[in-house]
Amino acid sequence: MTTKKYLRWIVLTNVLMALSINTTATYLSGGDTLAGWVKGCALAFTINTVWAAILPMDRIGKWFAESLLRFKCGSFGEFFARNFIVNAIYVTIISFTVALVNVGINGSLIPVWFQTYPILHLEGLVTSLVIEKPVQKITLMF
């Protein structure tokens, strides 16, 4: 995959993940205004994209699935484990940052963050499993 196609893949994946996870987070927090939802999506997309440029997620996912858990490359176990760890890292970073922005540094930060984290991780995992192959196909077409 060329650098240009890889960047398209990152942007498309991050847009879809931000829409999915932020929609769930908005619902879990009791709803919000359209402006608040858009702000949350923009924040999640930005955080995802910045960290995608910093962290070697491909290598982390490959190491976790193939080296640590010993799944064969291309197997369902590898696909699931790789998405599980990559999603766990991103959802941890994004959900904690958004909780920090919305709650601030105080005694309720960790409880508020952890109240939604498990559900957001599951939502992100399901979304990443569903979108990975179609996004890859779309990216390679253009």
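### Some remarks on the side chain of T26
Alright, step 1. On the secondary structure map, T26 appears in helix α1 (residues 3–28).
Alright, step 2. Relative accessible area serves as the criterion here: at 14%, T26 is assigned to the buried category.
Alright, step 3. Among the polar contacts made by the side chain of T26, one reaches the main-chain carbonyl oxygen of N22 at a distance of 2.8 Å.

### Some words on the packing of aromatic side chains
Alright, step 1. Taken as a whole, this structure holds 8 aromatic pairs when the rule is applied.
Alright, step 2. Ring centres of W113 and Y117 lie 5.4 Å apart, and the angle between their planes is 45 degrees; this geometry places the pair in the tilted category. A residue pair is termed a helical-turn pair when its members lie 3 or 4 positions apart in one helix, as W113 and Y117 do in helix α5 (residues 109–141) at 4 residues.
Alright, step 3. Here the aromatic residues F76, F79, F80 and F84 are joined through ring pairs into a cluster of three or more.

### Remarks on the packing of helix α2 (residues 34–54) against helix α4 (residues 76–103)
Alright, step 1. Between α2 and α4, the shortest axis-to-axis distance is 10 Å and the interhelical angle comes to 135 degrees. Judged on the interaxial angle alone, α4 and α2 are oblique. The hand of the α2/α4 crossing is right-handed. Contacts between α2 and α4 involve L43, A44, I47, N48, W51 and A52 on the former and, on the latter, Y90, I93, I94, T97, V98 and V101.
Alright, step 2. When grouped by side-chain class, the residues that make up the contact of α2 with α4 number 10 nonpolar, 2 polar and no charged.

Conventions and cut-offs
Note that residues are indexed from 1 along each chain, following the sequence as it is written. Given that the model is predicted, a residue must reach a pLDDT of at least 70 before its local features are reported, and side-chain atom pairs must reach 80 or more before they are shown or counted; all residues, however, enter totals for whole chains, interfaces and linings. Heavy atoms throughout the structure, all of them, feed into the side-chain values; hydrogens and water do not. A run of H or I in DSSP becomes a helix once it reaches four residues, and a run of E becomes a strand once it reaches two; helices and strands are each numbered from the N terminus. Relative accessibility thresholds used throughout: buried, under 20% of the residue-type maximum; exposed, over 50%; partly exposed, between the two (1.4 Å probe, protein chains only). Two N or O atoms count as a polar contact when they lie within 3.5 Å, although within protein this holds only if one can serve as hydrogen donor and the other as acceptor, and sequence-adjacent residues are included solely when both atoms are side-chain atoms. Side-chain rings of Phe, Tyr and Trp (the six-membered ring for Trp) are treated as a pair once their centres are within 6.5 Å; stacked means planes under 30 degrees apart, edge-to-face means over 60, and tilted covers the remaining angles. A fitted line through C-alpha atoms serves as each axis, taken over the contacting stretch for helices, and the angle formed by two N-to-C directions is quoted from 0 to 180°. Any angle from 65 to 115 degrees is called roughly perpendicular, while one under 35 is roughly parallel, one over 145 is roughly antiparallel, and all others are oblique. Crossings are classed by handedness, with left-handed meaning an anticlockwise turn of the near helix from the far one by less than a right angle and right-handed meaning a clockwise turn. The contact rule is simple, with two residues in contact once any of their heavy atoms fall within 4.5 Å. Polar here means any residue outside two lists: the nonpolar Ala, Val, Leu, Ile, Met, Phe, Trp, Tyr, Cys and Pro, and the charged Asp, Glu, Lys and Arg; Gly therefore counts as polar.

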